[in-house]
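Below are the chains, spelled out letter by letter.
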Amino acid sequence: MKYYSTNGNAPVADLHKAVVKGLAEDRGLYMPQQIKHLPKAFFDNIHDMEFQDIAYNVASAFFGEDIDLDALQDIVYDTLRFDCPVVEVSDSIYALELFHGPTLAFKDVGARFMARLLQYFIRMEGKSDLVNVLVATSGDTGSAVANGFLGVEGIHVYVLYPKGKVSPIQECQFTTLGQNITAVEVDGVFDDCQRLVKSAFMDDELNKHMKLTSANSINVARFLPQAFYYFNAYARMKALGKAGELVVCVPSGNFGNICAALFGHEMGLPVKRFIAANNANDVFYNYLQTGQYEPKPSVQTLANAMDVGDPSNFARIYDLYKGSHERISSLISGATYTDDQIRQTMRQCYEATGYVLDPHGACGYQALADGLQEGEVGVFCETAHPAKFKEKVDDILGIDVEIPERLAAFMRGEKQSVPMTKEFGDFKQYLLQQ
Ligand SMILES: *Cc1c(COP(=O)(O)O)cnc(C)c1O
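A few points on the structure. (Residues numbered from 1 in each chain as written. Predicted model: local features only at pLDDT ≥ 70, side-chain atom pairs only at ≥ 80, totals over all residues. Heavy atoms only, no water.)

**A word on the overall build of the protein**
Where we set the bar: Starting at the N terminus, helices and strands are each numbered in turn, a helix being any DSSP run of H or I of at least four residues and a strand any DSSP run of E of at least two. Note on classification: 1.4 Å probe, protein chains only; a residue is buried when its accessible area is under 20% of the maximum for its type, exposed when over 50%, partly exposed between these limits. Throughout, a residue-residue contact means that at least one pair of heavy atoms, one from each residue, lies within 4.5 Å. Accessible surface area values rest on a Shrake-Rupley calculation with a 1.4 Å probe, where residue burial reflects the displayed protein chains alone. For this count, His and the chain ends are skipped, Lys and Arg are scored as positive, and Asp and Glu as negative. Each charge is placed at NZ for Lys, CZ for Arg, CG for Asp and CD for Glu.
Secondary structure assignment for the protein yields 20 helices and 14 strands. C-alpha extents for the protein along the principal axes are approximately 60 × 50 × 45 Å. Out of the 434 residues belonging to the protein, those deemed buried represent 61%. For the protein, the share of sequence-separated contacts (at least 6 apart) that also reach a separation of at least 24 residues comes to 74%. Carbon and sulfur atoms make up 46% of the accessible area of the protein, which totals about 16,300 Å². Once the 38 positive and 55 negative side-chain charges of the protein are each reduced to a mean point, those two points are 4 Å apart.

Structure, rendered in structure tokens:
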């Protein structure tokens, strides 16, 4: 499979190059030239299949031309050593719990998949140059990537995160690991971290000095595997006899996760329509209303993994539908919620159903509660375990969320990070010394 750039000014790349480069030469995002439709028989039988087997079928359609199928199966099975259940929350609203991975984040899937894929290519090449992964995070990406790559030979990871703007548990998940993981604490906001990473990739001197690659949701190996979740959601809902008019709602920040869902839809996944749920960062919501895409600085909210003012994957969604606002806005609707509304939703849902939402999932749940039509059944992604935002959730609901042992283990580690300004010159100097 060849991958082209959304900016249309870069040569097409094979999978290996697309994964290693992350971003195309013209700063565009890579898109597969073709999205294969999965056969009818697959959808007919999907409700009898396990998550891993469903995922392997989807992965083969995306990556089967470029990787040995046995190796691909290995990678998929190694990545998905956990479940992604749908849980009934109310009559027509189901939570797709994407937080049963190693760091309790949905990003675990893409991160692990990418680490194993990169390792596969490095081994095939037989070269020993260290590959350096740069990743900007507003919280969850950093922990997922750091843990996905932890101990993977031949790869060093730098996690850039905004000082004081990630939860203490999230911070522990990427600052306590050591080994091949370095945490860089940037005196700025998430958009500054993302800018530093993007600038590093465009800097000739740095690229001569070290082999750089990205692991943000812009990387095809990170975002595409998230499509697995949506096929599994459909399968589990079909098994319940509830998949006839399925609405999928994705709490969105950089729009990688919903983009993967849309790729699934292009492969034939029978979802009626999608909802992108946002916090107060409403750039996509405004685009849906007006047809104008106007990025703006992110604002800090309770659902901080969605605090993005210029979602990278918008370019992919725009490209997927040939820039047609009509097509995009007829398939996807939007919703945007203030912190007060998020708190209220969490309380109402907990009182009415007993289900504990985290602030991100709360946006998804509320968008379904507000937007579902007669006859539709909705699935929203619960994108984080509530314990990852324990202080907030405890405070809002007046409960004491239990911390799973997997998380507690991170909290016992010793925090280590490199302080950094938001000036690219400083970051570059630091990398040149490595
Ligand atoms: C990353 C993240 C999101 C947003 O996902 P995108 O793919 O960036 O849209 C939502 N919720 C949580 C908890 C996350 O970690």
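Next comes the rest of the write-up.
**Notes on the environment of Glu376**
Definition in use: Residues adjacent in sequence count toward polar contacts only when both atoms are side-chain atoms; beyond that, a polar contact is any pair of N or O atoms within 3.5 Å, and within protein one must be able to donate a hydrogen and the other to accept it.
Positionally, Glu376 belongs in the loop between α17 (359-371) and β13 (377-382). The class for Glu376 is buried, based on a relative accessible area of 4%. For the pair Glu376 and Asp129, spaced 247 residues apart in sequence, the C-alpha to C-alpha distance is 52 Å. For Glu376, the side chain forms a polar contact with the main-chain nitrogen of Gln373, separated by 2.8 Å.

**A few points about the site of the ligand**
Applicable threshold: Any residue with a heavy atom positioned within 4 Å of a molecule or strand is treated as near that molecule or strand. A pocket here means an open set of points on a 1 Å grid, computed over the protein atoms alone, that has protein on both sides within 12 Å along at least five of seven lines. A cavity is instead a set of points where a 1.4 Å probe fits but cannot get out; residues with an atom within 4 Å of a point line either one. The rule for placing a molecule in a cavity or pocket is simple: more than half of its atoms must lie within 2 Å of the grid points.
Surveying the vicinity of the ligand reveals 15 residues, the closest of which are Lys107, Asp140, Gly253, Asn254 and Phe255. Between the ligand and the protein, one listed contact pairs an oxygen atom with a side-chain N or O atom of Lys107 at 2.4 Å. At 2.7 Å from an oxygen atom of the ligand is found a main-chain nitrogen or oxygen belonging to Gly253. The cavity where the ligand resides is the largest cavity.

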